[in-house]
Amino acid sequence: MDLRFTETQEILKKMARDFLTTECPKTLVRKLEQSDEGYSPELWKKMAELGWMGLIIPEEYGGMGYTFQDLVILLEEIGRNILPGPLVATVTSTLLILEAGTEEQKKELLPKIARGEVILTTALLEAEGVFDAAGISVKATPKGDNFVIDGTKLFVEMAHVANHIICVTRTKDSTAPEKGITLFIVDPKATGISHEVIPTIAADKLCEVHFRDVTVRKSNMLGKLDEGWPIVEMMLRKGAIAKCAESLGAIETCVEMTVAYSKERVQYERPIGAFQALQHKMADMWTAMETSRYLVYEVAWMESQGLPCAKEASMAKSYVNEVYKDVAKWAVRLHGAIATSADHDIPFYYRRSKAADIAFGNTDFHREIVAQKIGLA
Amino acid sequence: MDLALTDEQKARKQEFYDTCKELEKKKPPNFLGFETIYEDDECWEYNLSCAKEFAKKGWLALGWPPEYGGKGDMMDRVLFAEARGYHSVPGVDIFGVQMLAPTLLQAASEGVKKEFLPPIAQGEVMWCELWSEPNAGSDLASLSTTAMRKGDEYVINGQKTWNTGALKADWGFGVFKTDPAGRKHHNMTFILLDMKTPGVTIRPIPYLDGHAPYCEVYFDDVRVPAKNIVGQEHEGWAVVNLLAGFERSGINEIMTMIRGLEDLVQFCNQTKRHGQPLAKDPLTRNRLAELACQLEAARALAYRVADLQNRNEMSLMDASAGKIFFSELGERFAFVATDILGPYGQVKTSRWAPMNGVWERMFHEHFITTVSMGTNEIQRNIIAWYGLGLPRIR
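Computed from a predicted structure; not experimentally measured.

**Observations concerning the overall build of chain B**
Each helix and strand counted, chain B has 12 helices and 10 strands in total. In terms of C-alpha radius of gyration, chain B reaches 22 Å, essentially the compact-globule figure of 21 Å for 394 residues. Counting only C-alpha atoms and orienting by the principal axes, one finds that chain B spans roughly 75 × 50 × 45 Å. Counting across all 394 residues of chain B, residues that qualify as buried make up 48%. The contacts of chain B with a sequence gap of at least 6 include a subset with a gap of at least 24, amounting to 68%.

Next up, the structure:
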């Protein structure tokens, strides 16, 4: 057992931190939130040059061939700086292709993803807003060599700029909702597709995507007919861990900014950080951060080793969800009125704590998985 | 980063678990965890027999240098603590084995090590701690019990309190003021003494449930050989700080809670409420799942602290964070468990007590971890002052 990062991981971490500090100042984050695209194509290109989109893509497909644990280290840095854009959407959608794609699909898509030439996203949620298979009702009906998709997907991250949407559809009605789910790689420019950005708390460009009798070729099926749900579950699990890593980085920034501010801000002739009422709150924030950190690292390690970790991933997601919201809340409170201003940086983190909580399953969703995995009947 | 155990570690872990599993079967009916050994003679005998069993295997000296009878390494100590916690087996004297031995190894003279370490490793001598005083709790350095040097002896006068298990212990270690005129933090000495020494009077203090694992100890001209000190004379504060850093990962307590959760899950599966298993109740599921997540977080942090300790890179901040977290998790756990048990959550060990009454006991026993070994408020100060660098008002 050795909980230290490897040398490669230390380098990756430092490079990411240096790069994001220079390239992703909060002025840019603010600008991107207010822009229509929600990301910077120029920055996207530079990130591709660093190999970030292809980090976990094997070298034979033009990627870096790093481990999932390495990805978690990168995402922690991304979360520190709350870099807006389609990185997580692209990387988690890539997981689906890596897991279920045919050789042809992999050869076609993976090198382009690694080069930053395409943006991917996954259309999962629908009107019910649940993360389980029962919520999937958008139908894909076979028609000759094609399938026809009809229905509406919601909260599809960055669909408005995506080059491919992986759509999770229902191809068979069954008493077991997990049966009869099929994934398709869809071109968002295809006839019958329209999308609109939903206004959300984190301004993170979640879209509603309408499929009106959209024709997709059978060869664009990802994985097997009717057997798509286990792949989605895998993505939800890894996506949950990835989100935890981002949240962990954000928690770090909240703690650091609050501690630093409390040493500068003077009231009653002393820095407010000298008051124990605030000190103990900051100690709690720090403690919550550290408990989150090693839980996330543990799960990332298990995932990297290919060990079964559905229970631990859900534990991490539901735990970190709550810590992030709480720490971000206290970051605002301890700063005081100043951090309720839209011009302050802390509100970025507070608003995103809610978005991070929801992405890849909220606390109660994951607690139910944990309840099952710890053996409750 | 690598969390895997080596094959040898896995094998030793299995041996620790197997042995503890067998010992668990021998527990007396009144045994309900670590503190009960000090309250009940049968439980104390059980503690001693477990200690003998562990001593035979060399497990009370895990991580010690071989010249003092040591065996294995620090990681073995962690794995052993895990197994004991999971099976809730006593036998490792928290004061002698876990606190004093590592302190002696780092700070004591060769003579003291040679005299006091072997009986600890053999499970023959049980220890207690003599730190707090009626007017020196969190501010321990303001203590007033004196040990005045007279020739080759110290003569101790005063009172100590909250001494867990002092009535059962053979020996005690404590800090005493040896230079009352000296500067604070440089006026006390860390002394080892036989609890049977004339002039020592021990009285039990009833805990809030009426049991008495704690004591107060009075000293009336108690004479202790001057050689029985650890560290330099008048520099006992440094030894106190050294000792406070040992064995703080909390892995033992966390594994006890993990086992407690397993037992509670089984209870919920087997108990019917409103015509269906209690386990089907959504609120119960949510609350138990929440605890399970927090337990896993506590365990991950405990491994972090253990990993640092194994490499002698002890971080005060992480140890304090771990202590705060697992002890307050213990409080929440006791509250949730007694809620879930409904009216049975108040029943002491008896025929109407689910799980032998362990949750009624936990409802008040958790103060032992939040209040002792530096209250959690003191731990928060440590994080704030020494970790986060926040200003300290004196």
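**As for the overall build of chain A**
Within chain A, the secondary structure is distributed over 11 helices and 10 strands. Taking 377 residues into account, the globule formula puts the C-alpha radius of gyration at 21 Å, and chain A, at 21 Å, falls close to it. The principal-axis extent of the C-alpha atoms belonging to chain A is close to 80 × 50 × 40 Å. The burial tally for chain A puts 53% of its 377 residues in the buried class. Here the contacts in chain A between residues at least 6 apart in sequence split such that 73% fall between residues at least 24 apart.

**Observations concerning the nonpolar core**
All names here are of chain A. If you look at the biggest cluster of nonpolar residues, it comprises 243 residues, and the most contacted ones within it are Phe184, Val296 and Val327. Looking at this core element by element, the count peaks at 16 residues for helix α7 (residues 229–264). The residues touching Val327, leaving out its near neighbours within four places in the chain, are Ile251, Cys254, Val255, Met285, Ala288 and Met289.

**Description of the domain arrangement of chain B**
All names here are of chain B. Considered domain by domain, chain B is made up of domain 1 (7–92), domain 2 (128–239) and domain 3 (248–387). On a C-alpha basis, the centroid separation for the pair domain 1 and domain 2 is 28 Å. The interface of domain 1 with domain 2 comprises four residues on the first partner and six residues on the second. A per-class count over the side of domain 1 that touches domain 2 returns two nonpolar, no polar and two charged.

**Details of the confidence of the model for chain B**
Per-residue confidence for chain B averages 94 on the pLDDT scale, and 100% of its residues sit at or above 70. Our summary of model confidence lists the complex with pTM equal to 0.95 and ipTM equal to 0.95.

**Here's the deal with the interface of chain A and chain B**
Opposite the 40 residues of chain A that make contact, chain B presents 41 residues. Top element by residues in the side of chain A that touches chain B is helix α8 (residues 276–304) of chain A. It accounts for 14 residues. The class makeup of the residues in the side of chain A that touches chain B is 20 nonpolar, 11 polar and nine charged.

**Topic: the environment of Trp59(B)**
All names here are of chain B. Mapped onto the elements of the fold, Trp59 is located in the loop between α2 (41–56) and α3 (74–87). For Trp59, a count of 26 C-beta atoms within 10 Å translates into the label buried. Separated by 251 residues in the primary sequence, Trp59 and Asn310 place their C-alpha atoms 17 Å from one another. Not counting residues up to four positions away in its chain, the partners in contact with Trp59 are Phe54 and Phe80.

**Let's talk about the domain arrangement of chain A**
Residues and elements named next belong to chain A. Per the domain assignment, the segments of chain A are domain 1 (7–118), domain 2 (121–228) and domain 3 (230–373). Here the C-alpha centre of domain 3 lies 21 Å away from the C-alpha centre of domain 1. Contacts between the two partners involve 21 residues from domain 1 and, on the opposite side, 24 residues from domain 3. When contributions to the side of domain 1 that touches domain 3 are tallied by element, the ones reaching two or more residues are α2 (26–34), α4 (68–81) and α5 (87–100). Here the side of domain 1 that touches domain 3 is built from residues that sort into 12 nonpolar, four polar and five charged.

**Quick word on helix α10 (residues 346–358) of chain A**
All names here are of chain A. Of all the bends in α10, the greatest, near 25°, is centred on Arg352. If you check which residues of α10 are buried, you get Ile346, Phe348, Tyr349, Tyr350, Arg352, Ser353, Ala356, Asp357 and Ile358. Residues of α10 that are buried sit in contact with α2, α7, α9 (310–335) and α11 (363–373). One or two steps after α10, the chain reaches Phe360, where phi turns positive at roughly 60°.

**A few points about the pairing of strand β4 (residues 171–177) of chain B**
A regular strand carries its side chains on alternate faces of the sheet. Residues and elements named next belong to chain B. For β4, the tally of buried residues reaches seven of seven residues, placing the bulk of the element in the interior. Along β4, one buried face is formed by Trp171, Phe173, Val175 and Lys177 and the opposite face, lined by Gly172, Gly174 and Phe176, is buried too. Looking at chain direction, strand β1 (residues 127–130) and β4 are connected through four bridges and run parallel. Across the sheet, the residue bridging to Glu129 is Phe173, located in β4. Pairing of β4 with strand β5 (residues 188–194) involves seven bridges; the strand directions are antiparallel. Paired with Phe176 across the bridge in β5 is Thr189.

**Some points on the environment of Glu42(A)**
With respect to the secondary-structure elements, Glu42(A) resides in helix α3 (residues 41–49). Glu42(A) sits 124 residues away from Ile166(A) along the chain, and the two C-alpha atoms are 25 Å apart.

**Quick notes on the pairing of strand β2 (residues 139–143) of chain A**
The sheet contact formed by β2(A) and strand β3 (residues 146–157) of chain A spans five bridges and is antiparallel. For Lys143(A), the partnering residue across the bridge sits in β3(A) and is Asn146(A).

**Re the environment of Leu5(B)**
As for its position among the elements, Leu5(B) is in the segment before α1 (7–25). When the 14 C-beta atoms within 10 Å are taken as the criterion, Leu5(B) is described as partly exposed. Sequence separation between Leu5(B) and Met75(B) is 70 residues, and the spatial gap between their C-alpha atoms is 9.5 Å. Not counting the four nearest positions on each side in its chain, Leu5(B) is found in contact with Met1(A), Lys10(B) and Lys13(B).

**As for helix α6 (residues 103–114) of chain A**
Residues and elements named next belong to chain A. Along its 12 residues, α6 runs 16 Å from first to last C-alpha, staying within 8% of the 16 Å computed at 1.5 Å per residue. Residues of α6 that are buried make contact with α5 and β1 (120–123). In the segment just after α6, Gly116 is the residue with positive phi, at about 80°.

**Describing the packing of α11(A) against helix α8 (residues 282–310) of chain B**
Interaxial distance between α11(A) and α8(B) falls to 8 Å at its minimum, and their mutual angle equals 85°. Relative to α8(B), the element α11(A) is oriented roughly perpendicular. Along its contact with α11(A), which presents Asp364(A), Arg367(A), Glu368(A), Val370(A) and Ala371(A), the element α8(B) presents Arg285(B), Asn286(B), Leu288(B), Ala289(B), Glu290(B), Ala292(B) and Cys293(B). A class-by-class count of the residues in the contact of α11(A) with α8(B) yields six nonpolar, one polar and five charged.

Thresholds, definitions, all that
Residues numbered from 1 in each chain as written. Chains lettered and ligands numbered in written order. Predicted model: local features only at pLDDT ≥ 70, side-chain atom pairs only at ≥ 80, totals over all residues. Helix = DSSP H or I, 4+ residues; strand = E, 2+ residues; numbered from the N terminus. Rg over C-alpha atoms; globule rule 2.2 N^0.38 Å. Buried ≥ 20, exposed ≤ 12 C-beta atoms within 10 Å, placed from the backbone. Contact = placed C-beta atoms within 7 Å. Core = buried A, V, L, I, M, F, W, Y, C linked by C-beta atoms within 7 Å. Domains from an automatic or database assignment. Nonpolar A, V, L, I, M, F, W, Y, C, P; charged D, E, K, R; others polar. pLDDT = per-residue confidence, 0-100. Bend = angle between axes of the 7 residues up to and from the residue. Pairing = 2+ DSSP bridges. Expected span 1.5 Å × (residues − 1). Axes fitted to C-alpha atoms, helices over the stretch in contact; angles between N-to-C directions. Parallel < 35°, antiparallel > 145°, perpendicular 65-115°, else oblique.

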